[in-house]
Every structure is written in C-alpha cells, then in structure tokens.
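# Understanding the architecture of this molecule
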Amino acid sequence: MSYQGVWTLAEANDGEIKIVSYELLTRGRELADKLRCELASVLICGRIDEKDAEELILRGADRVYLVSSPELEHFVVGSYSNILIDLIERYRPEVILSAATTTGRTLMPHAAVKIKAGLTADCTELDIEEGTGNLLQTRPAIGGNIMATIKTPECRPQMATVRPKSTRPAPRNENRRGRGEIIRIELAPALLDRRVERIGFRKNPGEDINIQGADVVVSGGRGLGKKENFALIRKMAELLHGVVGASRETVDRGWISYPHQVGLSGKTVTPKLYIAVGISGAIQHLAGMKTADIIVAINKDPDAPIFRVADFGIIGDFLEVVPQINQSLAKEGERSEV
Amino acid sequence: MKIIIPIKQVPETSNVKIDEETGTIVREGVESIVNPLDLYAIEAGIQLKEERGAEITVVSMGPPSAEKALKEAIAMGCDDGILISGKEFAGSDTWATSYTISRAVKKLGKFDLILTGERATDGETGQVGPGIASFLDLPVSTYTSRIVEVTEVSIVVERLIEEGYEMLRMPLPALVSVVKEICFPRLPTLRGKQKAKKTELARWNADNMDIERSALGLNGSPTRVVKIETPKVTRSGEVVRVTDEESLADAVERFLTFLRKKGIL
C-alpha cells in the first residue's frame, strides 16, 4: 500500500489547542494542495471538547485523528511515539509535520527512528519537488550561516519539524463547518509508556518564558550595564504586548534567567518584531533571531554588527532612548483605549 | 554508576566561513571544538561522579581528529573515550548517527545513564539524543535543566518546556539530554590534561561492532542534502542617531512611525 496524505501534529495544553497547530495547517494546506491529497491533523491529548477539535477542521484539516485520554494529559514521549507510530502504520501518510517545540523536537526523532523515516529539524521553508513529489525541506544550520535544503528520496513518511512563528496561523473559515471528519481513536493501553511519571510542575509567576511563541520579543544585552536596567526592557515588552529576551552574557551574569536566552545556546525565535537593546550582535546571537520579520537595534556603538541585520536602528544611549520610547508607547496605548 | 556521554566535534561557529562560489563551508583553518552544548552534559556527568561516584565513558563518531574532543572530555574529568571512526560512517544523517551510537552503547554493556547535549551547534537538529533513546527503548527526558535526585534505580529531573518546568521521575537506565541551565562547565585542569594524554582511546568501526552495514553512513541515511545556500543577512534599514534632545525626540517619533507602518501599532 502506498503512502498518501499530509498530516500535521496538533498540540494541546490543558484542553486548549496551541496556536502553533494552526501555523502547521497553513504549511500543510499548501503541501496538500500541491500534492492534491487530503490534509489531516493528529491530536493526542488529555481532554478536549469536540468543538475545539473541530477548530482544526475550520482552519483547514479534512480529517482529525483524535486520541484523547486522561492518561495522555502530559506529554510522555514513549506513549505519544507509540500512538503516532500506530496511526502511521494504519493510515500511512506521506508527509508529517510537527512544530519544532520541545514536544515536537522530542516526539518526531523518537518516532522516525523506529519506522526509519527521514526527518528534518526546524524547517523554515517547505515545498514539493516537481516531478518526484518529494518534500523539499529548507532549514538554517551552522548558526544560520547556511540554508540547507533536504529531501527524503525513498523512505516514507517524510517528516519535518517546523520553526514556530515561521508562518501565519491558518484563519478560521466558517464555510468549512461540517466539511471534515473527526475520527476518534480508542487508546490501546499497551501503547502507554508507564515508566515516566510527571511528579511536578512549576512556572515563574507573572513571567512569560515562551519566547518562541511571542509576536514581539524585546531583548537586552550586556550594554544594559546592570541587572536593574532590565526593568526598562520589561516595560517596553509589556507596552508592546511582547516578552523579554536576553543575550547569553546577561544570562551568564545572572541578570535574567536562562529561559529568556536567545541564540545558539538558548532559543531560536521568529517573532514579528525583535528589538535588540544593548546587544552588539555576535554571530551566536544572530543565529537565534535573524529570521524575525522585523529587527530593531538600539545601541550606542554605530559599528555594532547588529545594525547590519536591522530594519530600523537607533544609535544612542538606551538609558535616554528606551524611557522616551516607553513614554510614547504608553501614550499611544492610552489613545487606543479611548 | 556507569554514565555514557555521546559527544560531537564541531567547527567553531563564530569562525565559520562560507565559500562564496560553492556555498559550502570552508573547513581549512577553522578550529574544531567540542560541541559547546555537549560541555553541559559532560559537566553534569562529572558532578554526578563527584557526588556519588561514577565511571564516565565519552563516545564520539567522527573523523580521526575527533580524538581531540574525546581527550578534552577526559581532561575535564571523564574516565575513558571511544572513537567511532571509519569511511563507512561518512555522510550519516541523524537516523544513521542515532543507530551507530546506539550500537556502541550496546557494545559497552551495562550502564545507568546516558547524558547528551541538547543539540550540536553545527547541524542544530537535536534529534540524535531522542533517537538513541528510541533505538534503545530507554525512558527519556529532553531539555533537562536540573537533575533533582539520583538513586540506584531511578532519576528525578526537571525539564524546561514552553509553559514552565516539569518534574519527571524515571527508572534507570535512562537518557537525559540537558540544556545550558543545568550547570556551568569547568575548564580542564593541567592534571586532567596530563591524564587525558596518557589515556588510550578505544577505536571502533564496523569491523569490531555488532552493526548492520547497510544502516551506516550515507547509504543508511534516509535524508539527502539537495542544496546549500548562503543567505543574505544584510538588511538595509533606516538608522537614526541620537545626540541631543532634539534628535532623541525625532528618533522616537520616526521609530513609532516605522512601527505604525509595519502594522505593529
């Protein structure tokens, strides 16, 4: 039996589908249209309302394979991988896309190894090769110094993780209501990996650390001079409804915690807007933010490499510039609320 | 306990040069280093060794020059090293690499823990850690930011995910891939370097491993690189300079106009 169809792996947290799942539908729809095949989403989760699963259909999926059980509330790669492989063996998709999140980047290699599928990490572009119909997967590597295009000529399925925020979420289309099918799959208990037990969870209160999921990231670097000056960065991030990022140096100096770190030893972000304050732009940092839509640099050194990748640059002392910007943004905010 | 740490030798990223004509990486004259993110796995292993006693074996698949990476890990405090090297491994993608390393782990026999870095700074896939765990059917924690507790039979770790930190308990043997937050890697001591110099590395290849030849190297790899391009990084942005109050007001106004034009405000 041949392999057919494009799948996207949706993610849910606490009964809510994550936005990144809809970004995958944008990618999946393009590929499915080119291949003239069906687009399906796989949703493995703890609990979900049928209505919420239907959202995947409204946003482009022709089918949803839904495996939900209280025992799947938290991601355990062994269980999720067993379930995914079981579905792949039953329905044999040609292409599987997952988000390059901590979940996707753990699940996909775990499953790909067992079924000898080709897998490409953290892709920013996907296409179909003319003639062969092979999936062409393009991704930055070596600190963003190169873009490599990779394909899987023989093994099926072809699997790829896709960089979050590298495309827009598929919009909801009310006309699609009733145009897709939700297929509930009973969880076979034998597929559960009961060895791994989640025994706790904590988050830093009042602090959003999901810098990869944000539309706006305002980052501070060594140029801030001291920990306390991150308050200005936080304020700007708040005014722009964004989150706070940071360079490696600031994390190493203990000015801010590691989850905020952007760059080669931190996270790669692709927000709509990235503002770098007091960041010179070492290649390791650029690797983590170069694919942002819009880059703004604020730095007092006119020769800082960050200006070479910036769409808008302000040469000046951040202690003067940032408070002024914050004040103007605050006024702007008041105006829009009226 | 017995700890295995697979590591990779990578080109120093800050010095990477691209051949403008061919779009390939210029390897000559570029220094090779231990993948910086593997140093966190090595340090985490050495800390466990200091706390409760352990024997640490580092394993690397690569060209003969990867010997240097293994020696550096030993100089930091690991006990012995295995170099998997041979033409048959050339061109391995993450599938073939995961397979090869998992066979090396099998050959090593009984162990308690495999520690890996989050990903290598050249390929940047992060796929080999989970891949090894999958081949060996081990419980796994990726993006691990803290080792909370280790006993004879189990490990408790905290992993950094998008929403926060989750704590997992797993039986040993297990595979744990770590992120930078877990520790601060030490530098090799002079004594460590002397010890590394004297340590004889084991050299393995397809002839002395129980391994399926057809699953190795480029032939065993499902993926193929179609092309490599050098992206243009320069953006021709508007740059304004702030020197006094007037230019400050002007810069901020232009910045806000820019954000409005881009649909941010």
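The preceding data block contains the structure.
Before going into details, it helps to say that this report is about the structure given with it. (Residues numbered from 1 in each chain as written. Chains lettered and ligands numbered in written order. Predicted model: local features only at pLDDT ≥ 70, side-chain atom pairs only at ≥ 80, totals over all residues. Heavy atoms only, no water.)

Within the open sheet, the six strands sit side by side as E15(A)-E14(A)-E16(A)-E17(A)-E18(A)-E15(B). Their pairing is parallel. Both edges of this open sheet fall to strand E15 (243-246) of chain A together with strand E15 (238-241) of chain B, since each of them pairs with a single strand only. The mean angle between the axes of side-by-side strands here comes to 15°, regardless of whether they run parallel or antiparallel. As paired strands, strand E14 (residues 216-220) of chain A and E15 of chain A are joined by four bridges and run parallel to one another. Its bridge partner being in E15 of chain A, glycine 220 of chain A is matched across the sheet by alanine 246 of chain A. In the packing of helix H5 (residues 230-239) of chain A onto the sheet, contacts are made with E14, E15, strand E16 (273-277) and strand E17 (294-299) of chain A, and the angle to E15 of chain A comes to roughly 140°. Packing against the sheet, helix H6 (residues 245-261) of chain B makes contact with E16, E17 and strand E18 (312-315) of chain A together with E15 of chain B, and its axis sits at approximately 165° to E18 of chain A. (Pairing = 2+ DSSP bridges. Helix = DSSP H or I, 4+ residues; strand = E, 2+ residues; numbered from the N terminus. Axes fitted to C-alpha atoms, helices over the stretch in contact; angles between N-to-C directions. Contact = heavy atoms within 4.5 Å.)

Once that is clear, we can look at the nonpolar core. Within the largest apolar cluster, 57 residues are counted, with the highest numbers of intra-cluster contacts made by Trp7, Val67, Leu72, Ile83 and Met159 of chain A together with Ile84 and Ile114 of chain B. Ignoring anything within four residues of it in the chain, the contact list for isoleucine 84 of chain B reads Val59, Ser60, Met61, Gly62, Phe89, Thr100, Ala104, Trp204 and Met209 of chain B. Within the second largest apolar cluster, 41 residues are counted, among which are Phe312, Ile314 and Val321 of chain A together with Leu160 of chain B. (Core = buried A, V, L, I, M, F, W, Y, C linked by side-chain atoms within 4.5 Å. Buried < 20%, exposed > 50% of the residue type's maximum accessible area, 1.4 Å probe, protein only.)

Reading across the sheet, the ten strands line up as E13(A)-E11(B)-E10(B)-E9(B)-E12(B)-E8(B)-E1(B)-E6(B)-E7(B)-E13(B) and stay open at both edges, with mixed pairing between neighbours. Since the sheet does not close on itself, it has two edges, and those belong to strand E13 (197-202) of chain A together with strand E13 (202-204) of chain B, each with one partner. Each adjacent strand pair in this sheet contributes to an overall mean axis angle of 30°, direction not counted. Where strand E8 (residues 113-117) of chain B lies against strand E12 (residues 174-178) of chain B, five bridges are found, and the strand directions are parallel. Along E12 of chain B, the bridge assignment pairs glycine 117 of chain B with valine 178 of chain B. Here helix H3 (residues 94-108) of chain B sits on the sheet and contacts strand E1 (2-7), strand E6 (55-61), strand E7 (80-84), E8 and E13 of chain B; the angle it forms with E6 of chain B, its principal contact strand, is near 145°.

On to the state of the cysteines, then. All names here are of chain B. Summed over all chains, the structure comprises zero disulfides over all chains. Cysteine 78 takes part in no disulfide bond, and the closest cysteine sulfur, belonging to cysteine 183, lies 12 Å away. Look at cysteine 183 and you get buried, because its relative accessible area is 12%. (Disulfide = S-S within 2.5 Å.)

Now for unusual backbone geometry. Residue proline 157 of chain A follows arginine 156 of chain A across a cis peptide bond; omega there is -5°. Relative to the helices and strands, proline 157 of chain A resides in the loop between strand E10 (146-151) and strand E11 (158-162). Each neighbour pair has its own omega, and for leucine 172 of chain B with proline 173 of chain B the value is 0°, a cis peptide bond. Here lysine 116 of chain A, not a glycine, exhibits a phi torsion of approximately 45°, which is positive. Along the chain, the position of lysine 116 of chain A falls in the loop between helix H4 (104-115) and strand E7 (118-123). Although it is not a glycine, tyrosine 143 of chain B sits at a positive phi angle of roughly 50°. Here tyrosine 143 of chain B lies in strand E9 (residues 140-150).

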